[in-house]
Amino acid sequence: MGKANGTLHNRTSKVVLVHHEDKTVISIMSDYQGDLAQFAMVVPVPVVLQRGQIHIGDAAVIRHLEDYSAPRLVEYDDPNPCQMYYPRAMTGPAAGALTAQNAAKATDSARALGVKIEAQYTVGEYDIVILSALQSDGLQTWLTENGYRIPPGAGAALAPYIRDGMKFFVARVNLKEQAKTGLDYLRPIQFAFESPKFMLPIRLGMVNAAGPQDLVIYLLTENGRVETTDYRTIEMPTGTDVPQFVRDDFAKTYQAIFDRQVKLNQMRGVFTEYVWNMNWCDPCAAPPLSHDELRELGVFWLDNRNSPISGGPQPMYRRQMFIAAPAGVILTRLHVRYSAATFPEDLSFQETGDSNNFQVRYVLHRPWEGSPQLCPAAASYFRELDGRRATEARNLADLTGWELADISRRMGISSVTPPSPWWQNLWH
Amino acid sequence: MTPGAARSTSYRRKLWPLQVPGDPRLAQLVVLGTILALGAGLYDFALDPRQILLTFASALIVQAATDRLAGREHINYKSALITALGIALLLRADTLWAHPLAAAAAIASKSLFRARGKHLFNPSCFGVIFALVALPGVWASPGQWGDGPLLAGWIAVAGTIIVSRASCSDTSVGFVLCYGGATLARVLWLGQRLAVLIHRMASGSLLLFAFFMISDPRTSPDDWRGRLAHCATVAALAFVLGSHFYVTNSLVWALFIAAPAVAVWDAIFPAPRFQWEAKGESDDLGIETYPDGGAGDDPAWRARLAPPGARVLRILRGQGERHAAQPHVEGGACPS
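Predicted, not measured: the structure shown is a model, and the values here were computed from it.

Novice: Give me the overall build of chain A: which residues, what numbers.
Specialist: Scanning chain A for helices and strands turns up eight helices and 20 strands. Considering chain A as a whole, with its 428 residues, one finds that 44% of them fall into the buried category.

Novice: Can you explain the packing of helix α11 (residues 224-243) of chain B against helix α13 (residues 261-268) of chain B? Please cite residues and give values.
Specialist: Packed helices, taken two at a time, are described by the angle their axes make and the gap between the axes. All names here are of chain B. For the pair α11 and α13, the least separation of the axes is 9 Å and the interaxial angle reads 150 degrees. Comparing their axes, α13 and α11 come out roughly antiparallel. Crossing hand, α11 versus α13: right-handed. Residues Gly226, Ala229, His230 and Thr233 of α11 touch α13, and the partners they reach there are Ala261, Val262, Trp265, Asp266 and Ile268. When grouped by side-chain class, the residues that make up the contact of α11 with α13 number five nonpolar, three polar and one charged.

Novice: A description of the interface of chain A and chain B should follow, citing residues and the corresponding values.
Specialist: If you look at the interface, chain A gives 24 residues, while chain B gives 26 residues. Going through the elements one at a time, α3 (154-163), β14 (226-228) and β15 (232-235) of chain A are the ones with two or more residues in the side of chain A that touches chain B. Considered class by class, the residues forming the side of chain A that touches chain B number five nonpolar, nine polar and ten charged.

Novice: Outline the domain arrangement of chain A, listing residues and values.
Specialist: Residue and element names in this part refer to chain A. Domain boundaries in chain A define domain 1 (2-363) and domain 2 (367-411). Each side of the interface is counted separately: domain 1 has 16 residues, and domain 2 has 20 residues. Among the residues forming the side of domain 1 that touches domain 2, the class breakdown is ten nonpolar, three polar and three charged.

Novice: So what's going on with the confidence of the model for chain A? Residues and values would help.
Specialist: Residues and elements named next belong to chain A. The predicted model of chain A has a mean per-residue pLDDT of 81, with 83% of residues at 70 or higher. Predicted confidence is poor over residues 84-108, with pLDDT under 50, and the contacts of this stretch with residues over four places away or in other chains come to 99 contacts. In the model, residues 305-327 has pLDDT below 50 throughout and makes 43 contacts with residues more than four positions away in sequence or in other chains.

Novice: So, the nonpolar core: which residues are in play, and what are the values?
Specialist: Grouped together as the largest cluster of nonpolar side chains are 89 residues, with contacts concentrated most on Phe169(A), Val170(A) and Ile217(A). Leaving out residues up to four positions away in the same chain, Ile217(A) has contacts with Val15(A), Leu17(A), Leu200(A) and Leu334(A). Grouped together as the second largest cluster of nonpolar side chains are 72 residues, Ala84(B), Leu132(B), Ala152(B) and Leu208(B) included.

Novice: Quick rundown of the domain arrangement of chain B? Include the residues and the values.
Specialist: All names here are of chain B. Once the domains are mapped, chain B shows domain 1 (20-140), domain 2 (149-268) and domain 3 (289-336). Averaged C-alpha coordinates put domain 1 and domain 2 at centres separated by 20 Å. Domain 1 puts 21 residues into the contact, and the matching count from domain 2 is 21 residues. No other element matches helix α2 (residues 24-42), which puts six residues into the side of domain 1 that touches domain 2. For the side of domain 1 that touches domain 2, the residue count by class is 14 nonpolar, five polar and two charged.

Novice: Any chance you could break down the sheet that holds strand β12 (residues 199-200) of chain A for me, citing the residues and the numbers?
Specialist: Residue and element names in this part refer to chain A. The strand order across the open sheet formed by three strands is β12-β18-β14, and the pairing between neighbours is antiparallel. The open sheet is flanked by β12 and β14, the only strands paired with a single partner. As paired elements, β14 and strand β18 (residues 347-351) share three bridges and run antiparallel to each other. Note on β18: the bridge partner recorded for Glu227 is Gln350.

Novice: Break down unusual backbone geometry for me, with residues and values.
Specialist: Residues and elements named next belong to chain A. Positioned with a positive phi, Glu21 is a non-glycine residue whose angle comes to about 50 degrees. Looking at where Glu21 falls in the secondary structure, it is placed in the loop between β2 (12-20) and β3 (23-29). The exposure class assigned to Glu21 is exposed, which follows from the 10 C-beta atoms found within 10 Å. The backbone of Met267 sits at a positive phi, close to 55 degrees, despite the residue not being glycine. Structurally, Met267 can be placed in the loop between α5 (250-264) and β16 (269-277). We classify Met267 as partly exposed; it has 16 C-beta atoms within 10 Å.

Novice: Could you give an account of the pairing of strand β8 (residues 115-123) of chain A, with specific residues and numbers?
Specialist: Residues and elements named next belong to chain A. As paired elements, β8 and strand β9 (residues 126-133) share eight bridges and run antiparallel to each other. Bridge pairing in β9 places Gln120 opposite Val129. As consecutive antiparallel partners, β8 and β9 are separated by two residues, and within that stretch Gly124 has a phi angle of approximately 60 degrees, a positive value.

Novice: So what about the packing of α2(B) against helix α4 (residues 77-90) of chain B? Which residues, and what values?
Specialist: Residues and elements named next belong to chain B. As a packed pair, α2 and α4 sit with axes 10 Å apart at the nearest point and diverge in direction by 25 degrees. With respect to each other, α2 and α4 are oriented roughly parallel. Where α2 crosses over α4, the handedness of that crossing is left-handed. On α4, the residues that touch Arg25, Gln28, Leu29, Leu32, Gly33, Ile35, Leu36 and Gly39 of α2 are Lys78, Leu81, Ile82, Leu85, Ala88 and Leu89. Looking at side-chain class alone, the contact of α2 with α4 contains nine nonpolar, three polar and two charged residues.

Novice: Can you explain the environment of Gly159(B)? Please cite residues and give values.
Specialist: Residue and element names in this part refer to chain B. By the secondary structure assignment, Gly159 is in helix α7 (residues 149-166). Here Gly159 falls in the buried class, since 24 other C-beta atoms lie within 10 Å of it. Between the C-alpha atoms of Gly159 and Phe211, which are 52 residues apart in sequence, the distance is 4.9 Å. If sequence neighbours within four positions are ignored, Gly159 has contacts with Ser172, Leu207, Phe211 and Phe212.

What counts, and at which threshold
Residues numbered from 1 in each chain as written. Chains lettered and ligands numbered in written order. Predicted model: local features only at pLDDT ≥ 70, side-chain atom pairs only at ≥ 80, totals over all residues. Helix = DSSP H or I, 4+ residues; strand = E, 2+ residues; numbered from the N terminus. Buried ≥ 20, exposed ≤ 12 C-beta atoms within 10 Å, placed from the backbone. Axes fitted to C-alpha atoms, helices over the stretch in contact; angles between N-to-C directions. Parallel < 35°, antiparallel > 145°, perpendicular 65-115°, else oblique. Left-handed = near helix turned anticlockwise from the far one by under 90°. Contact = placed C-beta atoms within 7 Å. Nonpolar A, V, L, I, M, F, W, Y, C, P; charged D, E, K, R; others polar. Domains from an automatic or database assignment. pLDDT = per-residue confidence, 0-100. Core = buried A, V, L, I, M, F, W, Y, C linked by C-beta atoms within 7 Å. Pairing = 2+ DSSP bridges.

Right under this line is the structure:
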């Protein structure tokens, strides 16, 4: 998907992609904060969309999806060594998101430019046109003449889509309609279509970007995890013990962990942050989405199914080992940082047969607050605790690339040294 | 194998002692094994060590069983190992039993699907397609290698060495050229950046396919014209399936669909059958002949008597090490 120029640059965009048997429903969530009159969105689509194929979504549902699948911290209390523990889940960061678009007003003088207005609708607060074009220059001129502010390099990025027979979904804000909503943000645009292409166009998004951009994609499928077929899909590191102070600023810590993974993989991969059957979660950062919420996002295959999340009972929200029921809906959360250099092509996906769950979680251990004198086991507990803290410090340094000395200082422990080089004691 | 072939092999070894290792499949085993280790270690494939073990066990057991049933003297364990490696590299599953089943189907396909005295399908290719179609919880990840140029270069170099030792590299090179040509044409037609071409052609999966699967001399046409027709067919099919029908794993599908046509190419362009050098491991059903087995008649064999420099030249010219089992039939040696 692509967004036209604006004063703010896109940092993280959010897209929900529901895919089942060649049918796709896409929801695009914009956290656009600027002048609404300047907002514009250009998305290549494989077919001309009818009015009924376009819908305005509910931002709260996407936020719910985001909270549900967010990387998280799990905290365990150390048990009394002289004598069990329970986990507590905490919600991680909602990956910060900003998008920037703009545009202007409409008139059409299309024919001469080889641009055809296939359809025109006002849906919710958006004025939408579906365009087909013969050549990119014409399309770019048309967009510019009609007040959509398109960055200079857009023509070259639009051309391959035109050749490929794609249509363009172009949206901007209808200020009157927007005022009626009484909301101070833009609601997500959704559209549904049928096509064998299971992909997400990202090339337009690179046109106006000053640097790499972040995109979080939520994919809802019936049977298995989704991965990219034209780039590597890499699991984020998970399950590591980290120091307690991480709790104070997990959002920043996770950002550092993600930055480091991107760097280690030369910005050539797509990262898996979450894969889970929507029937349950363990632990849950937020309750799973209800049947109605899933429908709102476009999950259309639950209706005729005798699944626990279809119809009557709502999904389970408690610790639960397994529910032997038809899978129903699998959520895959992918996070990608892309630039034109390392991502020359759009993202293509496949639904795999993999039904294993995956989540990004880091573990905190809250030390037992007793006295070493209480029993012999307590004394050895405190000796082991020092070693464990040093390990936690090194883990965090590995994950984030932060300096060990800084981490030790924040932990309030004596400086942890990096493991000594293998040759240090060789001749001494 | 006929006594003639056996005689010529031992004669060869005596005269050209530097011909070690005699069987390019050993090198292929080492390279594929390294790639698997690299993938599982560095690229973190979704692969359970138990799945790898079961794949190998199953392939070897079924190979031993089919060789015994056919009354062959030796068990073709090298072929089974290569097939097992291919399946472990390509196939992913969330169960333990999918891999051994796929490996068993792959090895069994060599006895079940035959035409003109040789097996139709590349065993790994058959095993993977069988699993994708028939087993639940199974997938293949074409993006698992990414497009790192270093890795791509390494696979291409190792692959080239092996295909030029194993047979003519014409199938691999022909395939890469045809597929690359079609991709380039599409990139130009769509007005995409050339980076798209590089991204596609540097894909680890594409290069592994080109140098370790389609290059299998046992399931390629015998004559070089047949091989070129075969690799062009596979490239065209893979391109159309991938770019037009958005089929995932289009390369493996294309090879599977085009495999039966190999019998047609062999009928149109007859030539002597390829033989690996090791003795008694043939899984062909007694079709090979070596009419009067005189080593001196074999042009490829004569080339080996030439000084090493000449051999290097042959490899550089893409003529490889292929030699005819039937020296009298036109086209058995590599095209020059």
